[in-house]
Amino acid sequence: MTSNEITICGKVYSVKPISSSISMEEVATLVNVKMKELLEAKSKTSMVDVAVLTALNLGHELIELKQGKKSEGEQLNQHLDGMIQKLKKSLDIIEKKRVNSC
């Protein structure tokens, strides 16, 4: 994979793409926006502190998204289990009617 040059807070970095589905420029834009937000809010904070706070904020957002997807998956599984149970009951009723009618 070829390296891309991205700019975050005025500094140029040479990075290799991790995934073909997400561009490093898109990731860099997200990080740059988050860092600028923190720089504006905390004007006397060092760049290292801003980078760490940005990483923490993005990590928090990522974990929230993962937990949300897990919760959605669990709800879907419960819903599917309920549907399967209803189908089993219906099949049992149909089978009993078929046996009794013979």
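Before any of the text, the structure's been laid out above.
This report concerns the structure included in the present document. Counting of residues starts from 1 at the beginning of each chain's written sequence and follows it residue by residue. Since the coordinates come from a predicted model, pLDDT governs what is reported: local features require at least 70, and pairs of side-chain atoms require 80 or more to be given and counted, while whole-chain, interface and lining totals use all residues. Computation of side-chain values covers all heavy atoms of the structure but excludes hydrogens and water.

Examining the overall build of the protein chain
What counts as a helix is a DSSP run of H or I of at least four residues, what counts as a strand is a run of E of at least two, and both are numbered from the N terminus. The helix and strand inventory of the protein chain stands at 2 helices and 2 strands. Reading the helices (α) and strands (β) of the protein chain from amino to carboxyl end gives β-β-α-α. Scaling as 2.2 N^0.38, a compact globule of 102 residues should have a C-alpha radius of gyration of about 13 Å, whereas the protein chain reaches 26 Å, well beyond that. Principal axes of the C-alpha set define a box for the protein chain whose edges measure 85 × 35 × 15 Å. Buried positions account for 13% of the 102 residues belonging to the protein chain. For every accessible area listed, the method is Shrake-Rupley and the probe measures 1.4 Å; residues are considered covered only by the protein chains on display. Carbon and sulfur atoms form 59% of the exposed surface of the protein chain, whose accessible area is close to 8,600 Å². Of the charged side chains in the protein chain, 15 are positive and 13 negative, and the gap between their average positions amounts to 7 Å. The atom set for the radius of gyration is the C-alpha atoms, and the globule formula is 2.2 Å times the number of residues raised to the power 0.38. For every residue, the accessible area (1.4 Å probe, protein chains only) is compared with the maximum for its type, and the residue is labelled buried under 20%, exposed over 50%, or partly exposed between those bounds. The charge count includes Lys and Arg as positive and Asp and Glu as negative, but it does not include His or the ends of the chains. Taken as the charge location is NZ of Lys, CZ of Arg, CG of Asp or CD of Glu.

Points about the side chain of K34
Within the secondary structure layout, K34 lies in helix α1 (residues 24-41). Residue classification places K34 among the buried residues on the basis of a relative accessible area of 18%. There is a polar contact of 2.7 Å between the side chain of K34 and the side chain of E61. It only takes one pair of heavy atoms within 4.5 Å for two residues to be counted as in contact. Discounting residues that sit within four places of it in the chain, K34 has contacts with T54, L58 and E61. Two N or O atoms form a polar contact when they lie within 3.5 Å of each other; inside protein one atom must be a possible hydrogen donor and the other a possible acceptor, and for residues adjacent in sequence the pair counts only when both atoms belong to side chains.

Comments concerning the pattern of salt bridges
What counts as a salt bridge is simple: a side-chain nitrogen of Lys or Arg found within 4 Å of a carboxyl oxygen of Asp or Glu. Counted under the stated rule, the structure contains 1 salt bridge. The partner of E61 in a salt bridge is K34, and the shortest N-O contact between them spans 2.7 Å. Placement of the pair is E61 in helix α2 (residues 47-101) and K34 in helix α1, with a sequence separation of 27 residues. Classification of E61 by relative accessible area gives partly exposed; the value is 32%.

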